[in-house]
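Descriptive structure summary
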Amino acid sequence: MPPKAKFTKEEIVKAALDLVRTEGQEALTARALGERLGSSARPVFTVFQSMEEVQQEVVAAARRLYAQYVEQGLCQTEMPAFKGAGMQYIRFAIQEPKLFRLLFMAEYPQKPGVQEVLPVIEEHYSQILQSVQSCHSLEAPAAEWLYRHLWVYTHGIAVLCATKMCRFSAEEIGRMLTEVCIAMLKEAREKETGDKGAGNREAMLSEAREQETSTKDAGNREAMLKKAGDKKARNKEND
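Below is a short write-up of the structure.

Calculation notes
- Residues numbered from 1 in each chain as written.
- Predicted model: local features only at pLDDT ≥ 70, side-chain atom pairs only at ≥ 80, totals over all residues.
- Heavy atoms only, no water.
- Core = buried A, V, L, I, M, F, W, Y, C linked by side-chain atoms within 4.5 Å.
- Buried < 20%, exposed > 50% of the residue type's maximum accessible area, 1.4 Å probe, protein only.
- Helix = DSSP H or I, 4+ residues; strand = E, 2+ residues; numbered from the N terminus.
- Contact = heavy atoms within 4.5 Å.
- Salt bridge = Lys/Arg side-chain N within 4 Å of Asp/Glu carboxyl O.
- Phe/Tyr/Trp six-rings, centres within 6.5 Å; stacked < 30°, edge-to-face > 60°.

As for the nonpolar core
One finds Leu 28, Leu 33, Val 54, Phe 92 and Leu 146 to be the most contacted residues of the largest nonpolar core, which totals 65 residues. Considering every element that reaches this core, the biggest residue donor is helix α8 (residues 140–162), with eleven residues. If near-sequence neighbours (up to four positions away) are discounted, Leu 146 is found in contact with Val 132, His 136, Leu 138, Met 184, Leu 185 and Ala 188.

Printed below as a string of structure tokens:
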């Protein structure tokens, strides 16, 4: 008969999350977790098979906490939803720097490209992208381009805050996000218009080529008919 668990799974995960929040991911060891629980490490392994399982649960718990921040930002009424999400992303980095590092500053086994990274790390990707698209009346490619550039800028501010390299007020953060959004939005619209213009130019060139080919074919047919008529006339004269 297996030994009775001294602590529940939820109690162990909460203690592990609190440990990471204050000491960082590197501090999460079986011994440290046991001490946090006021026990030895043994009760941890009556619930979990390994510390890797504990670490996975901590990441999941950290993501749930982060999701609360983002959802609060998406519900903002005094600013666009995607800006609210960006403000909350930075706020999470300020208030939970160790968890921010765990979720958004960890190395990945395979480095995703800049176009793939957001869907990988942001569970609210589709919702935020839809906000960008609907707020500025952009088509999907231009909205994705704008979202990526805004995230790179927002992530940079968040990293500065999480590592305590810089300190910003909420007003400064809001102003910076607005300024970069205005600049990037202008470029996104130009990019969208340019792509449409390029498509229109290509269509016009294709139509012109078709007309040119059609004209040449008509000219060739006319020449062939004329040649055939001249030959018929000469044959008639010879007869």
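Here's the deal with the pattern of salt bridges
All told, the structure shown has five salt bridges when counted by the stated rule. Ionic pairing is found between Asp 18 and Arg 21, a salt bridge with its closest N-O pair at 4.0 Å. Linking Asp 18 with Arg 21, this pair stays in helix α1 (residues 9–23), spanning three residues, or about one helical turn. Overall, the relative accessible area of 31% leaves Arg 21 in the partly exposed class. The partner of Arg 21 in a salt bridge is Glu 96, and the shortest N-O contact between them spans 2.4 Å. One end of the pair, Arg 21, is in helix α1; the other, Glu 96, is in the loop between α4 (81–95) and α5 (97–104), and 75 residues separate them in sequence. Exposure remark for Glu 96: the relative accessible area of 9% places this residue in the buried category. Through salt bridges with shared partners, a single ionic network connects Lys 14, Asp 18, Arg 21 and Glu 96.

Here's the deal with the packing of aromatic side chains
The final tally for this structure, using the stated rule, is eight aromatic pairs. Consider the rings of Tyr 66 and Tyr 89, whose centres lie 6.2 Å apart with planes at 80°: the pair is edge-to-face. Taken as a pair, Tyr 66 in helix α3 (residues 51–74) and Tyr 89 in helix α4 lie far apart in primary sequence, 23 residues in all. Each of the two residues, Tyr 66 as well as Tyr 89, counts as buried. The interplanar angle of 50° and the centroid separation of 5.2 Å between the aromatic rings of Phe 100 and Phe 104 together place this pair among those described as tilted. Placement of the pair is Phe 100 and Phe 104 together in helix α5, with a separation of four residues, close to one helical turn. An identical accessibility class is assigned to Phe 100 and Phe 104; each is buried.

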